[in-house]
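Single-letter residue listing:
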Amino acid sequence: MSTGWFRRRFLPGGPLPTPRPPGPHASPVPYRRPRFLRGSGLGPGAADASRRPRARPVHSPARGLTLPWNAGYAEIINAEKSEFNEDQAACGKLCIRRREFGVEEDQEWLTLYPEEFLTGHYWALFDGHGGPAAAILAANTLHSCLRRQLEAVVEAVVAAQPPMHLSGRCVCPSDPQFVEEKGIRAEDVVIGALESAFQECDEVIGRELEASGQAGGCTALVAVSLQGKLYVANAGDSRAILVRREEVRPLSTEFTPQTERQRIQQLAFVYPELLAGEFTRLEFPRRLKGDDLGQKVLFRDHHMSGWSYKYVEKSDLKYPLIHGQGRQARLLGTLSVSRGLGDHQLRVVDTNIHLKPFLLTIPQLGFTCR
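Trainee: Before we move on, can you summarise the overall build of the chain with the specific residues and values?
Mentor: Assigned secondary structure in the chain consists of five helices and 17 strands. For the chain, the proportion of contacts with a sequence separation of at least 24, taken over those separated by at least 6, is 61%. In the structure as shown, the chain presents an accessible area of about 19600 Å², 52% of it carried by carbon and sulfur atoms.

What follows is the structure, given as structure tokens:
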């Protein structure tokens, strides 16, 4: 698929403008455009391509692409749907390389070994909304973000116990004891890499959608097989289950406005300005009406798992933060999910209220032995 054809078909308005540079909270990993959006000289990082280590190419017959053999890639699987469907899936091999540190404490990486050091496998499912753009970007980007994050910590991943200083220095003789007391394992480093990869991918999606004038978001469910363990990361309402001969075990839980009610209410409690005076953070069994004023009704706040009673005030008549029940529940009357990627520009209709602060990017993570 040529870049020009993709832009004519999917991104109206011609070539993409160069996205703005990453802000102060962007990922420290140099930004590179997703492969299908990358053109000659487009995007930051193009100028330093000559300094990247060369790798032996490998041909991928399924997609007709020639890729660096050690880059790791994902095959897009859409169950015979259109390439531009809101539902996207990907699987592939993670080829993680080893890095060598400099001598100075704060020196950057000196060498990136081209040889494959650690191998894993990756599966992902993305359920888009508001258009296919975010799901397509996530399917083509998240595995690369994860590979880079794992390469940055691979020495700790393969260690019996993650060292305090990845550079090998020991500032405090009792560092190993502190790590042990905290109960930090190699699995925790992999989980941290997955969390960072989701955050980095979300930033890439935000920059690309802004640069191309597109909108939308997607949920993400990822499974990674690495060193005999299966890691599952979920940001959305998709569900992963493990099926064995005599066992069916859930590996993730669904994130909806109702399942994350307390987190969402607490955010509104700490930052009430996010609601712009348009919503009430309190939950009631139903939407209150004018006739309820002065009545004592059931309610619950962010610190409550049970219910109590309060006298209805005028501020309680505002639109609820979470409206509806079950599959009909909506966050700020807009989204049916509470975690996902993208949606940076999504606002509540007829307001300036952004959903992104309430829509969490960080996934829930867990792992199991294969």
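Trainee: Go over the packing of aromatic side chains with me, naming the residues and quoting the values.
Mentor: Each aromatic ring pair is described using two quantities: the centre-to-centre distance and the angle formed by the ring planes. For the coordinates displayed, the defined rule picks out two aromatic pairs. An angle of 35° between the planes, with centres 5.6 Å apart, marks the rings of tyrosine 231 and phenylalanine 367 as tilted. A residue pair is termed long-range when its members are at least 10 positions apart, and tyrosine 231 in strand S7 (residues 229-235) and phenylalanine 367 in strand S17 (residues 364-369) qualify at 136 residues. Using a relative accessible area of 3% as the deciding quantity, one classes tyrosine 231 as buried. On the basis of relative accessibility, which here comes to 29%, the residue phenylalanine 367 falls in the partly exposed class. On the basis of an interplanar angle of 85° and a centroid distance of 5.8 Å, the ring pair of phenylalanine 279 and tyrosine 319 is categorised as edge-to-face. One end of the pair, phenylalanine 279, is in strand S10 (residues 279-280); the other, tyrosine 319, is in strand S13 (residues 319-320), and 40 residues separate them in sequence. The exposure class assigned to phenylalanine 279 is buried, which follows from its relative accessible area of 9%.

Trainee: Outline the pattern of salt bridges, listing residues and values.
Mentor: Close approach of charged atoms allows side chains of opposite charge to pair. Tallied over the full model, the rule gives 16 salt bridges. Glutamate 151 is the salt-bridge partner of arginine 97, the closest N and O atoms lying 2.8 Å from each other. Of this pair, arginine 97 sits in strand S4 (residues 87-100) while glutamate 151 is found in helix H2 (residues 133-157), placing the two residues 54 residues apart along the sequence. Note on arginine 97: relative accessible area 10%, which makes it buried.

Trainee: Can you lay out the side chain of glutamate 187 for me, pointing to particular residues and giving the numbers?
Mentor: If you trace the backbone, glutamate 187 turns up in helix H4 (residues 186-212). A relative accessible area of 14% places glutamate 187 in the buried class. Setting aside anything within four residues of it in sequence, one finds glutamate 187 in contact with Lys229, Tyr231 and Phe367.

Trainee: How would you summarise the nonpolar core if you had to cite specific residues and measurements?
Mentor: In terms of nonpolar packing, the biggest core is built from 39 residues, with Tyr122, Phe126, Val222, Val224 and Leu226 touching the most fellow members. Going through the elements one at a time, S4, strand S5 (111-129), H2, H4, strand S6 (217-226) and S7 are the ones with two or more residues in this core. Top element by residues in this core is H2. It accounts for 13 residues. Ignoring sequence-local partners within four residues, the contact set of valine 224 consists of Leu94, His121, Tyr122, Leu146, Leu194, Lys229, Leu230 and Tyr231. Counting residues in each nonpolar core, the second largest holds 16 residues, with Ile264, Leu267, Phe279 and Ile353 among its members.

Trainee: With reference to specific residues and values, describe the environment of serine 308.
Mentor: Turning to its location among the elements, serine 308 is positioned in strand S12 (residues 308-311). Take serine 308: its relative accessible area is 31%, and that puts it in the partly exposed class. In this structure the C-alpha to C-alpha distance between serine 308 and valine 297, which are 11 residues apart in sequence, comes to 8.1 Å. Among all residues touching serine 308, those that are not within four sequence positions of it are Val297, Leu298 and Phe299.

Trainee: Requested: an account of the packing of H2 against H4, with residues and values cited.
Mentor: Viewed as axis vectors pointing N to C, H2 and H4 meet at an angle of 145°, and their least axial separation amounts to 7 Å. When you trace H2 past H4, the crossing you get is right-handed. Across the contact of H2 with H4, the residue classes break down as 22 nonpolar, three polar and three charged.

Trainee: Explain the environment of glutamine 199 to me, and be specific about the residues and the numbers.
Mentor: Following the sequence through the fold, glutamine 199 ends up in helix H4. When its relative accessible area of 31% is taken as the criterion, glutamine 199 is described as partly exposed. A C-alpha to C-alpha distance of 9.9 Å links glutamine 199 and leucine 360, two positions 161 residues apart in sequence.

Trainee: Just give me the short version of the confidence of the model for the chain, but keep the residues and values in it.
Mentor: Looking at the chain as a whole, the pLDDT averages 77, with 72% of positions reaching at least 70. In this model residues 1-33 is a low-confidence stretch, pLDDT under 50, and it forms 70 contacts with partners more than four residues away in sequence or in other chains.

Trainee: Requested: an account of unusual backbone geometry, with residues and values cited.
Mentor: Working note: non-glycine residues mostly have negative phi, and peptide bonds are mostly trans. Positioned with a positive phi, alanine 276 is a non-glycine residue whose angle comes to about 50°. Position of alanine 276 relative to the elements: it lies in the loop between helix H5 (261-270) and S10. Alanine 276 sits in the partly exposed class, given a relative accessible area of 48%. We note that aspartate 343 has phi near 60°; this positive angle belongs to a residue other than glycine. With respect to the helices, strands and loops of the structure, aspartate 343 is situated in the loop between strand S16 (341-342) and S17.

About the thresholds
- Residues numbered from 1 in each chain as written.
- Predicted model: local features only at pLDDT ≥ 70, side-chain atom pairs only at ≥ 80, totals over all residues.
- Heavy atoms only, no water.
- Helix = DSSP H or I, 4+ residues; strand = E, 2+ residues; numbered from the N terminus.
- Contact = heavy atoms within 4.5 Å.
- Areas by Shrake-Rupley, 256 points an atom, 1.4 Å probe, with all protein chains shown as cover.
- Phe/Tyr/Trp six-rings, centres within 6.5 Å; stacked < 30°, edge-to-face > 60°.
- Buried < 20%, exposed > 50% of the residue type's maximum accessible area, 1.4 Å probe, protein only.
- Salt bridge = Lys/Arg side-chain N within 4 Å of Asp/Glu carboxyl O.
- Core = buried A, V, L, I, M, F, W, Y, C linked by side-chain atoms within 4.5 Å.
- Axes fitted to C-alpha atoms, helices over the stretch in contact; angles between N-to-C directions.
- Left-handed = near helix turned anticlockwise from the far one by under 90°.
- Nonpolar A, V, L, I, M, F, W, Y, C, P; charged D, E, K, R; others polar.
- pLDDT = per-residue confidence, 0-100.

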